[in-house]
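Observations on the model geometry
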Number of protein chains: 2
Amino acid sequence: MGGDFAPEAVVKGAILAVQQLNPEDKILLIGQEDIIQALLQENGYTGTAISIVHASQVIEMGEHPTKALSQKTDSSIAVGYGLLKMQKADAFCSAGNTGAMLVGAMFSVKAIEGILRPSIASFVPKLNGGYGIILDVGANADCKPEVLEQFGELGSIYAKYVLDIDNPKVGLMNLGEEEGKGTVVTQAAYPRLKANTSIHFIGNIEGRDLFNDKADVIVCDGYTGNIILKLAESFYDILSEKGIKDPFFDKFNYEAVGGSPILGINGNAVIGHGVSSPNAICNMVLQAQKMVSSNISERFKKIIA
Amino acid sequence: MGGDFAPEAVVKGAILAVQQLNPEDKILLIGQEDIIQALLQENGYTGTAISIVHASQVIEMGEHPTKALSQKTDSSIAVGYGLLKMQKADAFCSAGNTGAMLVGAMFSVKAIEGILRPSIASFVPKLNGGYGIILDVGANADCKPEVLEQFGELGSIYAKYVLDIDNPKVGLMNLGEEEGKGTVVTQAAYPRLKANTSIHFIGNIEGRDLFNDKADVIVCDGYTGNIILKLAESFYDILSEKGIKDPFFDKFNYEAVGGSPILGINGNAVIGHGVSSPNAICNMVLQAQKMVSSNISERFKKIIA
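As a starting point, this report considers the structure included with it. (Residues numbered from 1 in each chain as written. Chains lettered and ligands numbered in written order. Predicted model: local features only at pLDDT ≥ 70, side-chain atom pairs only at ≥ 80, totals over all residues. Heavy atoms only, no water.)

Looking at the interface of chain B and chain A
Contacts between the two partners involve 38 residues from chain B and, on the opposite side, 38 residues from chain A. Looking only at chain B, the three residues that lose the most surface to chain A are L175, Y223 and F235 of chain B, adding up to 22% of its buried area. Linking chain B with chain A are 4 salt bridges, by the criterion used here. Here E206 of chain B ties to K230 of chain A by a salt bridge, and the two come within 2.3 Å at their closest N and O atoms. For the pair chain B and chain A, the number of links is 10 residue pairs in polar contact (both at pLDDT 80 or more). The greatest single-element share of the side of chain B that touches chain A, amounting to 14 residues, is contributed by helix α8 (residues 222–241) of chain B. Tallied by class, the residues present in the side of chain B that touches chain A amount to 20 nonpolar, 10 polar and 8 charged. (Contact = heavy atoms within 4.5 Å. Buried area = accessible area lost by both parts, 1.4 Å probe. Salt bridge = Lys/Arg side-chain N within 4 Å of Asp/Glu carboxyl O. Polar contact = N/O pair within 3.5 Å; in protein donor to acceptor, adjacent residues only side chain to side chain. Helix = DSSP H or I, 4+ residues; strand = E, 2+ residues; numbered from the N terminus. Nonpolar A, V, L, I, M, F, W, Y, C, P; charged D, E, K, R; others polar.)

Comments concerning the packing of helix α1 (residues 8–18) of chain B against helix α2 (residues 33–42) of chain B
All names here are of chain B. Running from N to C, α1 and α2 cross one another at 50°; their axes reach a closest spacing of 10 Å. One element, α1, and the other, α2, form an angle in the oblique class. In terms of crossing hand, the pair formed by α1 and α2 is right-handed. Residues E8, V11 and I15 of α1 pack against I36, L39 and L40 of α2. The residue inventory of the contact of α1 with α2, partitioned by class, reads 5 nonpolar, no polar and 1 charged. (Axes fitted to C-alpha atoms, helices over the stretch in contact; angles between N-to-C directions. Parallel < 35°, antiparallel > 145°, perpendicular 65-115°, else oblique. Left-handed = near helix turned anticlockwise from the far one by under 90°.)

Comments concerning the side chain of S234 of chain A
Here S234 of chain A lies in helix α8 (residues 222–241). Separated by 2.8 Å, the side chain of S234 of chain A and the backbone oxygen of L231 of chain A make a polar contact. Those residues within four positions of S234 of chain A in sequence are excluded, and the remaining contacts are G207, R208 and F211 of chain B.

Here we look at the sheet that holds strand β10 (residues 268–272) of chain A
Residues and elements named next belong to chain A. The 8 strands are arranged β3-β10-β9-β4-β5-β8-β6-β7 in an open sheet whose pairing can be described as mixed. For this open sheet the edge positions go to β3 (91–94) and β7 (200–205), each flanked by a neighbour on one side alone. Neighbour-to-neighbour, the strand axes of this sheet turn through a mean angle of 30°, independent of strand direction. (Pairing = 2+ DSSP bridges.)

Section: the packing of aromatic side chains
Tallying each qualifying case throughout the model produces 23 aromatic pairs over all chains. Between F249 of chain A and F235 of chain B, the ring centres sit 6.2 Å apart and the planes meet at 20°, which makes this aromatic pair stacked. Pair noted here: F249 of chain A is in helix α9 (residues 247–250) and F235 of chain B is in helix α8, and the two residues belong to different chains. With a centroid separation of 5.2 Å and 65° between ring planes, the pair formed by F248 of chain B and F249 of chain B is classed as edge-to-face. Note on accessibility: F248 of chain B and F249 of chain B belong to one class, buried. Put simply, the rings of F211, F235, F248, F249 and F252 of chain A together with F211, F235, F248, F249 and F252 of chain B touch in pairs and so form one group of aromatic residues. Seen from the ring of Y161 of chain B, R299 of chain B lies directly overhead, with NZ or CZ sitting 3.7 Å from the centre. (Phe/Tyr/Trp six-rings, centres within 6.5 Å; stacked < 30°, edge-to-face > 60°. Buried < 20%, exposed > 50% of the residue type's maximum accessible area, 1.4 Å probe, protein only. Lys NZ or Arg CZ within 6 Å of the ring centre and 35° of its normal.)

Describing the pattern of salt bridges
All names here are of chain A. Applying the stated rule across the entire model yields 20 salt bridges over all chains. Residue E149 is joined to R192 by a salt bridge in which the shortest nitrogen-to-oxygen separation is 2.8 Å. One end of the pair, E149, is in helix α6 (residues 145–161); the other, R192, is in helix α7 (residues 184–195), and 43 residues separate them in sequence. With relative accessibility at 14%, the residue E149 sits in the buried group. One salt bridge connects D164 with K290, and the closest N-O pair in it is separated by 2.7 Å. Here D164, found in the loop between α6 and β6 (169–173), pairs with K290, found in helix α10 (residues 278–293); they are 126 residues apart in sequence, far enough to count as distant. The exposure class assigned to D164 is exposed, which follows from its relative accessible area of 56%. Linked through salt bridges whose partners overlap, the residues forming this network are E177, D209 and K214.

Let's talk about the environment of R117 of chain A
Residue and element names in this part refer to chain A. Structurally, R117 is set in the loop between α5 (98–107) and β4 (119–125). With 148 residues separating them in the primary sequence, R117 and I265 have C-alpha atoms 9.2 Å apart. What R117 contacts, discounting residues up to four positions off in sequence, is N140, V147, Q150, F151 and L154. At 3.3 Å, the side chain of R117 and the side chain of N140 are in polar contact.

Quick word on helix α2 (residues 33–42) of chain A
Residues and elements named next belong to chain A. All of the buried residues along α2 are I36, L39 and L40. Buried residues of α2, viewed axially, fall in a sector of 100°; they line one side. For α2, the exposed residues lying more than 90 degrees away from the buried face are D34, Q41 and E42. Taken together, the buried residues of α2 touch α1 (8–18), β1 (27–31) and β2 (50–54). Two residues or fewer past α2, G44 is found with a positive phi of approximately 70°. (Arc of directions from axis to C-beta.)

Okay, here's the thing in structure tokens:
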């Protein structure tokens, strides 16, 4: 029920996704049963891979996350996290209220023990092909050095097992390349990242390095990551409005990656863009499937605080 | 003598600039007299608006700013700031070592009394025409809330008197629009900016608002501003490499604005891009002239800490 074009776009996206998933994969559509049932019929779906879990309530985009979740216990987000917690679902995706998706994760499946701060990650297209991962992009505005260090680990594990990047290079977003540059926090995070033997830290990177091949995993606080992400999106929007088309810039389209995963929780959850189209929903589901098949959440449990 | 293409590009830029300056304006070229004299002749300059002030030494781009300035007292940057301090020059421009330009300002003309932290500002092209100003872009990685508040004042004065923007709108760069969003510092800066009656504060802006008309003055710490600036530059570079031309994106070209002014010091100083071309040098000189004619440095003195 989440997202500006729900439930139509979600139902259509699910139908697109089942065509690309494995035969044994199932999609549970959580929301108002009669509406979803009608949409499935309308779109000619007659298969058995998609089923419906009824949820009578909807958390709207403008609602206060904590308040909405505690009051609307039968909302699609609350029911979804309930299924994830009871392991009746292997992954939960929604294009709904971002705050409620984050708060719901923390209250239901909760952070993995030892993970200081779960993070919302996003993806940046690389000039040489593929995508890099940037985290955090908004869950944690201020981050302590040890939190940035863990982001390096979370991002590396995701890059390796979901993005299939071998020995991913970790860069710390900063205002200069030299060690010792930056804020008090990035100055303190640098030696921690450098000393961490479970990651391949390549040092500081700058704003101009977002799209080149210096780093596959870009570490920053959520304030910085959010600004970077929205700035990059605005570039894509300006190019689109001007009718400028290019295969590289097309990769900025949020639809291509589908959603932003929450990393460091006991389960797999992906937050979709509010304006998610059927294609975006489909790609979000495929991304979630890859997170499940790569056992990513279990792999995060090896990170030691 | 500063910049990757100095002194050729600087001499050529000065010759371009005198053609656009007022007849009473003079340019002092600071550096090795024989080389500059030869270049002026080579480029056919026979006028009297350009003269040479000899400086025997050069601070290289990789040198440590404080060390280089104290050791090379006859460098073009040291001599330039000496002229500015003695009011033998009304403005000082260089495409040389950025750190030395900043340290030189602090040691010679010094910060205006009451200005907590002078700031390096830069310019962002706006979709509806003209430019906005963003500060800080690298002089102060970490900023206290009261420093961000002053950036709003410094930027407003510059926008009004140099960019000719009436009642400039000040926005605080943040990860969401609502008051209360952001880091501990931006949360504390918001009410200060809001309560400041000498500026027109419009609230938080997001990464996607950099190029729209929400704010003319964009306030952020130097870490964030530096990342934003370099990210925007990299977009322009990618478009250029791909041969994509567009009048709006052409405004990203650093040449168009010439340089980044240091705001809040007792004098007018502008730092040029290391790769400055003659055209960039010319525009930097014209910008400095506008700073002088608008009496900008004196206007900053009305800011009360």
